[in-house]
Amino acid sequence: MECIIEEAESQRPFECDALSLYSDLPLLVVLPETVEQVQQVLRVCHQLCVPVVARGAGTGLSAGAMPHPEGILLCLSKLDRILDIDVLARTARVQPGVSNLSISEAAASHRLYYAPDPSSQIACTIGGNVSENSGGVHCLKYGLTVHNILSLNVLTVEGEALTIGSMGLDSPGYDLMALLTGSEGLLGIITEVTVRLLPLPELAQVVMAGFDSVSTAGDAVGAIIAAGIIPAGLEMMDRLAIQAAEDFAQAGYPREAAAILLCEVDGTSEEVAQHTQEIARLFEQHGATSLTISRDEAQRALLWKGRKAAFPAIGRLSPDYYCMDGTIPRSQLSFVLNEIYRLSEQYALPVANVFHAGDGNLHPLIMFDASDPMAIHRAEAFGAKILELSVSVGGCITGEHGVGVEKLGQMTSQFTTQELLQFEDIKHAFDPALNLNPGKGIPILKRCQEYRALPARHQHD
Amino acid sequence: MTDQHRPLQSENRSEHIIDALQQARKTRSPVYINGGGSKQHLMGRNCDYTVLDVSEHRGIVDYQPQELVITARAGTPLVDIIAVLAAEGQSLSFEPPLFNGIATLGGTLACNLSGPARPWSGSIRDMVLGVQLINGKCEQLNFGGKVIKNVAGYDVSRLQAGALGTLGVLCEVSLKVLPRAEKTLTLCYDMSAPEAVRHMNQRAGQPKPLSGAFWLNGQLHLRVSGAASAVDSTVVQWGGEIVTSDDILWEQLREMTLPFFKDTGALWRFSVQSSAEVRLDFGTTLIDWCGAQRWVHGEHPAEALQQAAVEAGGHVSLFRGGDRNTEVRSPLNSVEQGLQQRLKKSFDPDGILNPGRLYSWL
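Time to look at the overall build of chain B. Check the secondary structure of chain B and you find 11 helices and 17 strands. A globule of 362 residues ought to have a C-alpha radius of gyration of about 21 Å, and chain B, at 21 Å, matches this closely. Principal-axis analysis of the C-alpha atoms gives chain B an extent of 65 × 55 × 35 Å. When the 362 residues of chain B are sorted by exposure, 57% land in the buried category. Of the contacts made within chain B by residues no fewer than 6 positions apart, 68% connect residues no fewer than 24 positions apart.

See the structure below:
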């Protein structure tokens, strides 16, 4: 494959990430094969003041990797080597284009794995994971990307090389790694990542329970936490999501339930036995209408298959869907879901909800038809309302998908002008000419008033 | 929040802090931010500025046990927070040192101090969810939040960990908290330091509830905590001598009150790759954090220690004692130094917040 793509038609596959509502073509797509080439690209772009947008596998869900029409799309997917696995130190040194899952696959022979597991883990790259601070279904217990990396090699916008973090558990001076993680490609270009690996648990088991309302399911989640158990994963799905997933995956979900919980516990075999029994008892106490404990790995995989297939399953019911990503305090779950159902009627668009219940991260999937411009408009307005609702109950506009282009408008509902200005000052410290992924992540000061006035759509420069 | 959660003292002094900072900014005279004062002579360089006392800005603002989140003002003593959490069977999983009960939440975040559980349960840097701070422009700002996942905007909350107050005066901190372990046991083994480093790292690679690993004076201590069934089965499988009154041992390690720490001279802290080779030429070493944190005493040339730290994949700092008017941390290269200076300026353009506390140039 060539390293520079100029033709518009060949650039088409790069015009958007997984949020295809937003798309554009860049001046050039470049696919460097070495870190030195990345450095050259950055130096040239810095000299010529050309915007640079980094891209991994393009699985992002907030248009963070949408090309800039006057810029370079810097595609890091060819930097895809696992450089080293240190078994004793339990670390892996990898290039940014390595897929999330392949790290765990490479470590598996040492009985180790990389914990964060976003739904797109087959395809998404570690560089993208760092840029978005990706989570997954196991982050209540095992943390986000920021908790599972030790060190980054970064190129500044000028093309200067920098190693941040260390092989130890902290670094001198300011924690630039914390700042770079989740910074959506606005502060630097990641060229190498050292991740922490964890021992594969002896055993994992899933308890699935059906409930006749989302609020009883929500109470059951609280009861597990109150009992002092931190599940490896704790997921909720509502009626529409259950039915779509069951049609798609035949996972054995109770179709009649208003909500299901999938609760995974892992650890030593004794601990898992102890906790599955406790969880099953708590679910029954809280009015579970059905209960299944996975017998073996095959059944555990099947129970997860439905959840992991929820997005494509919804995709079969509707020409398009729009995935939201607000987080809320769990105690607000019932209120928020009922509000979402009310908004669903108001906007005349169906919505299915999947929810990382353990950590309060809600993914409403708004179904619409993108061939109808009015439906697009309604879906976006509905989505914006959900994010504002999340903020109003003490939550935030994005738990793991990032701001990108999509949520620039809602940044003003979560942050004050002074806070946004502080973000902009941080951006200036790294990239004074605003050449790294401009128009994403944080609203730009001079446009701030417009953001407050306009709905979220195409507000990038 | 029920009444039993309400600590004795609760006061919002942020107006007072803003006033003091405005004065400092007007007169271009920096402040030294002080909470409980427990870390005044630790970690940072000497700073002789007007003291900004934030210890009265205290109190628990919000605690929802089922959300696993607590929010408190920065001047709140950790002991108050721990007591409130304990009543609900929860804890600060990063095991911060309490320093005779005077360590505060804000100071602990500013210093990024965590105890023996750090490699497994994370640091305060890992657990912080949100902060309210006042920057050098006297603006009271909120970052992050009270939910476990939040990726909107740059992670300014985590950036405060280890910044020693140089980017803002911390006002409120929200933390993720966790249930206390059901059971804890400690095992002891006689072995040399190099053997111990290998052994603890091998153990950490096994799927067992390891929660502490330190070596001192020929003895390796491994702590296992978690579900009672998992702790019991692990102890049977691993063998070794079970230590009685082990909570005192780990407390002394956490509080730095073990006899090893009695020496009042220079105390150096290495933060290195956990499996890095043990250097025996710097005298007695205490190895904690499964090998990732190592302590040595004495007057050594800083360059020799820094070189050793680089070879071990990390850095070294003069944690306590020694010459605190010079640099006390490993040097940064010019590119990173420039970034750090610009970052400082973005929060504190007039340099009124603890300037020179981290580095002379910051």
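Before going further, it helps to examine the overall build of chain A. Scanning chain A for helices and strands turns up 16 helices and 18 strands. Taken over the C-alpha trace, chain A has a radius of gyration of 22 Å; the compact-globule value for 461 residues is 23 Å, and the two agree within 12%. When the backbone C-alpha atoms are referred to their principal axes, chain A occupies close to 65 × 55 × 40 Å. When the 461 residues of chain A are sorted by exposure, 59% land in the buried category. Sequence-distant contacts, at least 24 apart, represent 70% of the contacts inside chain A between residues at least 6 apart.

This part takes up helix α1 (residues 14–27) of chain B. Residue and element names in this part refer to chain B. In this model α1 runs 20 Å from its N-terminal to its C-terminal C-alpha over 14 residues, within 8% of the 20 Å that 1.5 Å per residue would give. Turning to α1, its buried residues are I17, A20, L21 and A24. Along the axis of α1, the buried residues cluster in a sector spanning 95 degrees; they form a single face. Counted as exposed and oriented over 90 degrees from the buried face of α1: E15, D19 and K26.

This part is about the packing of helix α8 (residues 239–249) of chain A against helix α11 (residues 310–317) of chain A. All names here are of chain A. Put simply, α8 and α11 touch, their axes get as near as 8 Å, and they point 95 degrees apart. In terms of axis orientation, α8 runs roughly perpendicular to α11. Facing A241, A244, A245, D247, F248 and A249 of α8, the residues of α11 in contact are A310, P312, A313, I314, R316 and L317. Within the contact of α8 with α11, the residues separate by chemical class into 10 nonpolar, no polar and two charged.

Okay, the pairing of strand β15 (residues 285–288) of chain B next. Residues and elements named next belong to chain B. Sheet topology places β15 next to strand β16 (residues 293–297); four bridges connect them, and they run antiparallel. For I287, the partnering residue across the bridge sits in β16 and is R294. Counted along the chain from β15 to the antiparallel partner β16, the turn is four residues long, and its residue W289 has a positive phi close to 55 degrees.

The subject of this paragraph is the sheet that holds strand β16 (residues 320–323) of chain A. Residues and elements named next belong to chain A. Reading across from one edge, β15-β12-β14-β13-β17-β18-β16 is the order of the seven strands in this open sheet, with antiparallel pairing throughout. For this open sheet the edge positions go to β15 (290–293) and β16, each flanked by a neighbour on one side alone. The mean angle between the axes of side-by-side strands here comes to 15 degrees, regardless of whether they run parallel or antiparallel. Judged from the two bridges that link them, strand β13 (residues 233–238) and strand β17 (residues 351–356) form a sheet pairing that is antiparallel.

So, on to the interface of chain A and chain B. A common way to report how large an interface is uses the accessible area buried once the components associate. Taken together, the contact between chain A and chain B spans 78 residues of the former and 72 residues of the latter. Counting residues per element, the ones that place at least two in the side of chain A that touches chain B are α5 (139–142), α6 (176–180), α7 (214–226), α9 (269–285), α14 (408–414) and α15 (417–430) of chain A. Per-element accounting of the side of chain A that touches chain B gives the leading share, nine residues, to α15(A). Per-class residue counts for the side of chain A that touches chain B are 34 nonpolar, 31 polar and 13 charged.

So, on to the packing of α7(A) against helix α12 (residues 333–346) of chain A. All names here are of chain A. Packing of α7 against α12 leaves a shortest axis separation of 9 Å and a crossing angle of 150 degrees. In terms of axis orientation, α7 runs roughly antiparallel to α12. Between α7 and α12 the crossing geometry is right-handed. Facing V214, S215 and G218 of α7, the residues of α12 in contact are L333, S334 and L337. Classifying every residue of the contact of α7 with α12 by side-chain character gives three nonpolar, three polar and no charged.

Turning to the pairing of strand β14 (residues 267–271) of chain B, a few remarks are in order. Residues and elements named next belong to chain B. Burial analysis of β14 places five of its five residues in the buried class, which makes it a mostly covered element. What you see with β14 is no split at all: L267, R269 and S271 on one side and W268 and F270 on the other are buried throughout. Of the pairings in the sheet, the one linking β14 to β16 comprises five bridges and is antiparallel in character. Looking at β16, one finds that L267 is bridged to H297.

Residue and element names in this part refer to chain A. Taken together, the five strands give an open sheet; going across it, the order is β5-β6-β10-β8-β9, and neighbouring strands pair in antiparallel fashion. With one partner strand each, in any of the chains shown, β5 (82–86) and β9 (161–165) form the two edges of the open sheet. The sheet shows a mean angle of 15 degrees between the axes of neighbouring strands, taken without regard to direction. Both strand β8 (residues 149–155) and strand β10 (residues 189–196) contribute to a ladder of six bridges, which runs antiparallel. Paired with I149 across the two strands is V195, which belongs to β10. Packing of helix α3 (residues 100–107) onto the sheet brings it into contact with β5, β6 (91–94) and β10, and relative to β5 it is tilted by some 45 degrees.

The next subject is the nonpolar core. Nonpolar side chains in soluble globular proteins tend to end up buried together. One finds A:L74, A:A245, A:I260, A:L261, A:A310, A:I366 and B:V169 to be the most contacted residues of the largest nonpolar core, which totals 247 residues. Sequence-distant contacts of A:A245, that is, excluding residues within four places in its chain, are made with A:M237, A:A251, A:Y253, A:G306, A:R307, A:A309, A:A310 and A:A313.

So, on to the environment of A:A108. The residue A:A108 is located in the loop between α3 and β7 (112–113) in this model. Classification of A:A108 by C-beta neighbours within 10 Å gives exposed; the count is 11.

What follows covers unusual backbone geometry. Of note in the backbone geometry, A:N437 takes a positive phi value of approximately 45 degrees without being a glycine. By the element assignment, A:N437 lies in the loop between α15 and α16 (448–453). If you check the backbone angles, B:C138 has positive phi at about 65 degrees while not being a glycine. Mapped onto the fold, B:C138 is located in the loop between β6 (128–134) and β7 (140–144).

Residues and elements named next belong to chain B. Mapped onto the secondary structure, I70 falls in strand β4 (residues 69–73). A count of 27 C-beta atoms within 10 Å places I70 in the buried class. With 116 residues separating them in the primary sequence, I70 and T186 have C-alpha atoms 29 Å apart. Excluding residues that lie within four positions of it along the chain, I70 makes contacts with I60, Y63, I81, L85, L175 and V177.

Conventions used here
- Residues numbered from 1 in each chain as written.
- Chains lettered and ligands numbered in written order.
- Predicted model: local features only at pLDDT ≥ 70, side-chain atom pairs only at ≥ 80, totals over all residues.
- Helix = DSSP H or I, 4+ residues; strand = E, 2+ residues; numbered from the N terminus.
- Rg over C-alpha atoms; globule rule 2.2 N^0.38 Å.
- Buried ≥ 20, exposed ≤ 12 C-beta atoms within 10 Å, placed from the backbone.
- Contact = placed C-beta atoms within 7 Å.
- Expected span 1.5 Å × (residues − 1).
- Arc of directions from axis to C-beta.
- Axes fitted to C-alpha atoms, helices over the stretch in contact; angles between N-to-C directions.
- Parallel < 35°, antiparallel > 145°, perpendicular 65-115°, else oblique.
- Nonpolar A, V, L, I, M, F, W, Y, C, P; charged D, E, K, R; others polar.
- Pairing = 2+ DSSP bridges.
- Left-handed = near helix turned anticlockwise from the far one by under 90°.
- Core = buried A, V, L, I, M, F, W, Y, C linked by C-beta atoms within 7 Å.

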